[in-house]
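Each chain, written out:
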Amino acid sequence: MAYHQLNPYELRKRFDFRLLLFYLLAAVLITGLLLRMINLQWVQHEGLRLQAENNRINVVPVLPVRGEIVDRHGKKLAANAISYQLVMIPERVQDMEGTLRMLNANMPWSKRKFARIKRKIRHARKDRPLVLDERLQWHQVAWLVARLHHYAGLDVQAATHRVYPYGELMAHAIGYLAKVRKNDLAQGYLADEYVGRSGLEREFEARLHGTPGSQQEEVDAYGRRVAILHIIPPKTGETLRLSLDVDLQQAAATAMAGRTGSVVVMDVHSGAIRVLLSTPGYDTNAFIGGVSGKQWNSWLHDPQKPLLNRAIQATYPPGSTWKMVSAMAGMRVHAPLAHQRTVCHGMIQLHDRKLRCWKRTGHGPVDMHDALMHSCDVYFYELAEQTGMKALITEARRWGFGGRTHIRLSPEARGHLPDPDYHVYRGKKRRWFQGEIMITAIGQGLVTATPLQVARFAAALANGGQVLEPHVLAAAKPHVLRQVDIPAAQLARIRQAMFDVANTPGGTAYRYVHDAKYPIAGKTGTAQVVAMSQTQARYTDKGVKTQHRDHAWFMGYAPYDHPRIAFAILVEHGGHGSSGAAPVAAAIVNAMKL
Amino acid sequence: MLIANVLDSWRAIDRPLLLLLTLLATVGLTTLYSAVHLGDLHIWYRQIMYWCAGIAAFLFMSLVPLRFLGLLAWPVFLVALLALALVPVIGEVKMGARRWLDLGIVHLQPSEIIKWALMLVLAHWLANREASDWKTIIVAVLLVGIPAGLIVIQPDLGTTLVLLMAAAAVLMAGGFPWRYFFGLLAMLPAAGWYLWQHMHDYQQKRVLMFLDPQSDPLGAGYHVIQSMISIGSGGLFGKGYLHGTQARLHFLPEQHTDFIFSVLAEEFGMFGVCVLLLLFGLLIFRILYIASLAFSRFASLLCIGIVSILTLYMFVNIGMVSGMLPVVGVPLPFVSYGGSALVSMLAMLGIIARVGIESRQQLPWQRGGSALL
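Along each chain, numbering runs from 1 in the same order as the chain's sequence is written. By the order in which they are written, chains take letters starting at A while ligands take numbers starting at 1. Given that this is a predicted model, residues contribute local features only at a pLDDT of at least 70 and side-chain atom pairs are listed and counted only at 80 or more, while totals for whole chains, interfaces and linings are drawn from all residues. Remark: hydrogens and water are excluded; side-chain values derive from all non-hydrogen atoms of the structure.

Q: Honestly, unusual backbone geometry in this entry has me stumped. Any pointers?
A: Keep in mind that most residues, glycine aside, have a negative phi and that most peptide bonds are trans. Residues and elements named next belong to chain A. Along the chain, threonine 279 connects to proline 280 via a cis peptide bond; the corresponding omega equals -5 degrees. Of note, proline 280 is situated in the loop between β12 (273-279) and α11 (293-301). Backbone torsion omega between serine 410 and proline 411 reads 0 degrees, so that peptide bond is classified as cis. A positive phi angle is found at serine 375, which is not glycine, with a value near 55 degrees. On the secondary structure map, serine 375 appears in the loop between α14 (368-373) and α15 (377-398). Accessibility here uses a 1.4 Å probe with only protein chains present; expressed as a share of the type maximum, an area under 20% marks a residue as buried, one over 50% as exposed, and anything in between as partly exposed. Overall, serine 375 belongs to the buried group, its relative accessible area being 4%. Of note, histidine 406 is a non-glycine position whose phi angle comes to about 65 degrees, a positive value. Starting at the N terminus, helices and strands are each numbered in turn, a helix being any DSSP run of H or I of at least four residues and a strand any DSSP run of E of at least two. Mapped onto the elements, histidine 406 comes out in the loop between α15 and β17 (422-425).

What follows is the structure in structure tokens.
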């Protein structure tokens with residue numbers, strides 16, 4: 001029956017009756033709750049009160065042990081050592097004043113440290129364990145343990161702290177830890193935890209960190225732990241096995257002999273990084289327990305920039321190591337000069353300017369092979385005239401320059417490749433000048449690259465044009481980002497020239513690397529730091545200030561016939577690539593175990 | 001003109017309702033302070049902000065004419081249903097359940113809106129029908145069943161059950177015949193069995209735990225046992241404000257949300273509990289009284305829907321923390337921490353205030369009068 005056909009009086013009566021039932025129902029529900037409360041708070045009160053007094057269960061988090069980092073042979077790069085900590089749960093302390101006075105009198109704490117501890121107790125959560133002192137000495141442990149039962153809320157706990165057996169050597173790759181900050185706490189970290197702040201420690205934080213466990217403790221009315229009821233053990237972080245080879249890295253560091261620079265060694269087939277060295281380093285062990293402000297500032301303001309990871313974060317003009325790019329660009333666009341000779345007179349005249357070859361007396365007649373072997377600049381100036389800027393830049397992009405390599409280490413610099421069509425300066429575009437194209441062909445001007453990019457370029461030359469994604473984990477699968485299509489014959493020409501650089505008398509690096517354990521193919525590079533006036537001497541000579549001297553490059557691969565590793569060595573202000581950087585490559589190859 | 005209308009409306013607002021809300025706000029914020037004062041006080045400050053927002057919502061809703069609300073019922077319901085249907089598709093997962101929608105600025109819980117929208121649309125549907133013919137009942141069952149089905153797969157069993165029972169209350173008030181009611185009651189065991197088969201592990205565990213909390217004192221039963229200890233140890237007059245030992249030891253991870261009642265019970269004892277239950281009881285009675293005064297059937301049914309949800313939340317929450325009901329994760333209205341629940345609850349009370357205002361603004365012979373009260 002439809003609503004409007006019903007008797008409104010009947011409807012109202014029915015509604016009111018049901019409303020009355022709702023009043024009753026609400027009253028019944030509330031009475032039910034009240035009865036339950038009477039049961040709990042009156043009838044059962046005594047028993048429950050005793051339980052509350054005697055049987056307080058508290059859940060305390062247990063920190064996980066951080067995963068270790070080992071190199072490819074299992075040598076520990078980041079390990080854990082046991083230390084003893086003084087821990088306080090503030091709300092369990094009965095007499096905070098007295099406890100603190102006792103501690104201050106008996107612990108070797110400075111005034112500032114004591115003030116810091118007091119501040120920390122004031123601001124921290126009162127129910128969580130708080131680390132007051134992280135590295136107790138043995139006699140302190142003994143002394144404290146003997147007196148703990150007088151002081152509720154204090155405890156000595158074994159914990160682990162990070163140790164870097166190869167502190168300075170592996171500093172940039174491994175990175176370091178630091179205490180949690182406020183925004184980490186929001187992400188679920190516990191107070192007093194350490195978080196990866198740099199390098200692989202940061203990159204693989206999620207895998208290394210492990211999962212905290214918890215411990216349900218029974219505590220008495222005075223806050224003392226009576227028993228541990230139930231432990232959910234923390235899960236230790238994953239052990240990270242790297243592709244890095246600490247022995248090879250040591251050999252590279254020794255050969256760098258204290259000079260500033262970077263060495264990158266990469267497996268040519270898998271892209272696995274074997275050496276990732278940046279010098280000078282810094283001692284990552286100083287970060288354990290908090291690095292002092294003084295130490296940090298001295299690193300920060302050191303003109304050598306020890307905190308900078310030069311292998312991936314610094315970009316340099318690639319200098320002559322870039323000439324292979326120019327040569328391949330020439331062959332790709334069928335520049336006539338790629339199959340002809342030219343004559344080097346030590347310089348080339350361009351309008352009213354002179355562009356010099358590094359060899360003032362000139363190389364005489366040179367073809368591509370000779371130009372690479374002797375690193376003749378004039379040949380490449382003339383080749384650039386025929387290829388143009390666009391071919392150079394496109395070729396470089398093919399080989400992975402000008403973009404991140406996507407190694408799992410951040411932040412990574414991209415390096416710079418200029419726009420192929422225009423010179424853009426302060427928002428204005430203009431055509432490239434001839435001279436600018438020419439110096440780009442010898443890796444000067446606006447192009448820059450990171451040592452890692454150069455090493456990957458060397459690897460790609462060695463493995464037949466596979467541009468790989470570099471990786472640092474032993475378990476990572478090789479990942480080919482791009483296969484550069486280049487005829488085998490052309491690549492063979494480049495390789496032959498690189499072989500002769502190192503192994504034929506007259507090659508720029510012959511003197512330094514021809515007697516290495518395995519035959520090396522390589523290319524030297526000498527990158528200008530200060531714009532060279534064409535009338536002046538090159539900035540390699542003694543008597544020129546160090547910070548103005550050229551950067552020395554050496555890149556290549558070994559063994560020549562069955563390539564295994566590719567490398568790039570950069571020595572800042574190292575002078576010539578041949579004398580400055582090539583010997584490091586020889587040292588690495590000699591230390592290498594196939 | 002407009003301002004005069006607004007002031008007229010607010011002058012006619014139901015004073016006891018305002019008084020009860022003020023007292024509940026006081027009790028709620030006082031208790032919440034105790035629950036969080038050793039940890040993150042920002043929670044308390046945020047709850048004050050939510051109260052401000054909720055009061056604004058209350059005052060705003062008290063100005064929306066019921067006629068207009070009736071027009072809005074279907075659109076609001078359909079939009080809310082759409083949002084709810086989107087949850088399984090693009091919702092965020094928090095604590096193992098997919099309940100949230102990320103709208104850029106706010107994280108929305110569509111199930112929070114749909115329950116009110118459902119009350120609205122159900123009241124509207126039954127406003128000029130009697131829930132005694134099949135067509136009316138089937139539409140009503142569909143209206144309830146679709147959102148309930150979407151919420152139960154999230155999974156959120158507590159909200160689903162509250163929703164079903166509140167809808168049943170509105171249907172009963174709308175004239176649902178007793179013979180059908182008892183018939184359905186008889187079918188309940190079968191429905192329970194079906195539900196059990198389709199429960200998630202953690203839900204089954206909670207039900208089992210409710211039947212015997214001592215069987216796993218450190219696992220799922222831990223919360224309930226600790227909560228009962230803290231309520232019981234409060235005794236008649238409690239341990240004193242901010243002196244609850246159980247709460248101080250942080251035995252409950254959710255003591256500022258679902259388990260906040262046990263903080264109150266521990267610190268203020270049975271005295272505090274009685275005050276809280278009295279306030280809730282008076283509020284419920286007052287809303288039922290307003291429902292009886294309402295001049296339109298739509299307004300009465302809406303009041304009944306809203307008060308049912310309020311009552312069920314209160315009852316289920318206190319029931320579960322005191323070990324009478326399984327732990328289903330339902331907040332205690334006005335006391336538990338949480339923005340969207342509080343603001344939407346206050347907005348709904350704003351509607352009730354509106355019902356009061358409109359019935360008072362009617363001439364005496366136009367008012368719906370109750371034969372009984």
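This is not the end of the story, as more comes after the structure.
Q: How should I be thinking about the side chain of Glu205(A) in this particular structure?
A: Residue and element names in this part refer to chain A. Looking at the secondary structure, you find glutamate 205 in helix α9 (residues 205-209). Two N or O atoms count as a polar contact when they lie within 3.5 Å, although within protein this holds only if one can serve as hydrogen donor and the other as acceptor, and sequence-adjacent residues are included solely when both atoms are side-chain atoms. One polar contact links glutamate 205 to arginine 66, side chain to side chain, over a distance of 2.9 Å. At 2.8 Å, the side chain of glutamate 205 forms a polar contact with the side chain of tyrosine 189.

Q: Would you mind showing me how to read helix α13 (residues 297-321) of chain B here?
A: For an α-helix, the turn length of 3.6 residues means that residues three or four places apart are oriented alike. All names here are of chain B. Every helix has an expected span of 1.5 Å times one less than the residues it contains. For α13, spanning 25 residues, the distance from its first C-alpha to its last is 36 Å, which sits close to the expected 36 Å at 1.5 Å a residue. Most of α13 sits inside the fold, with 25 of its 25 residues counted as buried. Taken from the residues just after α13, glycine 323 is the one with a positive phi, measuring 80 degrees.

Q: Would you mind showing me how to read the interface of chain A and chain B here?
A: By a widely used convention, the size of an interface equals the accessible area lost when the partners come together. In this description, contact between two residues means that some pair of their heavy atoms is separated by no more than 4.5 Å. The partner chain B presents 63 residues to the 43 residues of chain A that form the contact. Accessible area that two parts lose when put together, evaluated with a 1.4 Å probe and summed over both, is termed the buried area. Taking both sides of the interface into account, the surface hidden between chain A and chain B amounts to around 4,700 Å²; carbon and sulfur atoms contribute 69%. It is Arg18(A), Tyr23(A) and Gln41(A) that lose the most area in chain A upon contact with chain B, and together they represent 16% of the buried surface on that side. A pair is scored as a salt bridge if a Lys or Arg side-chain nitrogen falls within 4 Å of a carboxyl oxygen belonging to Asp or Glu. Here chain A and chain B share one salt bridge between them. For Arg14(A), the salt bridge identified is with Glu130(B), shortest N-O distance 2.2 Å. For the pair chain A and chain B, the interface holds 11 residue pairs in polar contact (both at pLDDT 80 or more). If you list the elements that add at least two residues to the side of chain A that touches chain B, you get α1 (8-43), α2 (45-54), β1 (56-62), β8 (213-219) and β9 (225-232) of chain A. For the side of chain A that touches chain B, the element with the highest residue contribution is α1(A), accounting for 24 residues. Only Asp, Glu, Lys and Arg are considered charged, only Ala, Val, Leu, Ile, Met, Phe, Trp, Tyr, Cys and Pro nonpolar, and every remaining residue, Gly among them, polar. Tallied by class, the residues present in the side of chain A that touches chain B amount to 25 nonpolar, seven polar and 11 charged.

Q: What should I look at first to understand the packing of aromatic side chains in this one?
A: The description of two aromatic rings rests on the distance between their centres and on the angle between their planes. Here the aromatic set is Phe, Tyr and Trp, taking the six-membered ring for Trp, and pairing holds for ring centres within 6.5 Å; pairs whose planes are under 30 degrees apart are stacked, those over 60 apart are edge-to-face, and all others are tilted. On inspection of all chains with the given rule, the structure shows 29 aromatic pairs over all chains. Both rings, one in Tyr241(B) and one in Phe268(B), keep their centres 5.6 Å apart while their planes meet at 20 degrees; by these two values the pair is stacked. Here Tyr241(B) is found in the loop between α10 (222-234) and α11 (245-248), whereas its partner Phe268(B) is found in helix α12 (residues 260-293), with 27 residues between them in sequence. Judged by its relative accessible area of 24%, Phe268(B) is partly exposed. One aromatic cluster is present, formed by Tyr176(A), Tyr282(A), Phe287(A), Trp296(A) and Trp299(A) through successive ring pairs. Whether a charge lies above a ring is judged from NZ of Lys or CZ of Arg, which has to be within 6 Å of the ring centre and within 35 degrees of the ring normal. For Arg129(B), the ring lying beneath its charged end belongs to Trp125(B), and the centroid distance is 3.7 Å.

Q: Is there a simple way to explain a nonpolar patch on the surface in this structure?
A: Patch construction takes residues with relative accessible area above 30% that form no salt bridge. Like charges are linked within 9 Å, and nonpolar side chains (Val, Leu, Ile, Met, Phe, Trp, Tyr) are linked within 5 Å. Accessible areas in this description were obtained via Shrake-Rupley with a 1.4 Å probe; residue shielding takes into account the shown protein chains only. On the surface, Phe17(A), Leu20(A), Leu24(A), Trp178(B), Phe182(B), Leu185(B) and Leu188(B) cluster together into a nonpolar patch covering about 670 Å² of accessible area. Taken together, the elements giving at least two residues each to the nonpolar patch come down to α1 of chain A together with α8 (178-197) of chain B. If you tally residues by element for the nonpolar patch, the top one is α8(B), at four residues. Using a relative accessible area of 49% as the deciding quantity, one classes Leu24(A) as partly exposed.

Q: What's the story with the pairing of β17(A) in this structure? I'm lost.
A: Consecutive side chains of a regular strand alternate in pointing toward one face of the sheet and then the other. Residues and elements named next belong to chain A. The rule for pairing is simple: two strands pair if DSSP sees at least two bridges between them. Two strands pair when backbone bridges link them, and β17 and strand β18 (residues 428-431) are joined in this way by four bridges, in the antiparallel orientation. In the strand pairing of β18, tyrosine 425 is matched with lysine 428. Between β17 and β18, which follow one another and run antiparallel, lie two residues, and arginine 426 among them has a positive phi close to 50 degrees.

Q: What is the right way to read the environment of Trp299(A) from this model?
A: Note on placement: Trp299(A) falls in helix α11. Separated by 18 residues in the primary sequence, Trp299(A) and Gly281(A) have C-alpha atoms spaced 9.6 Å apart.

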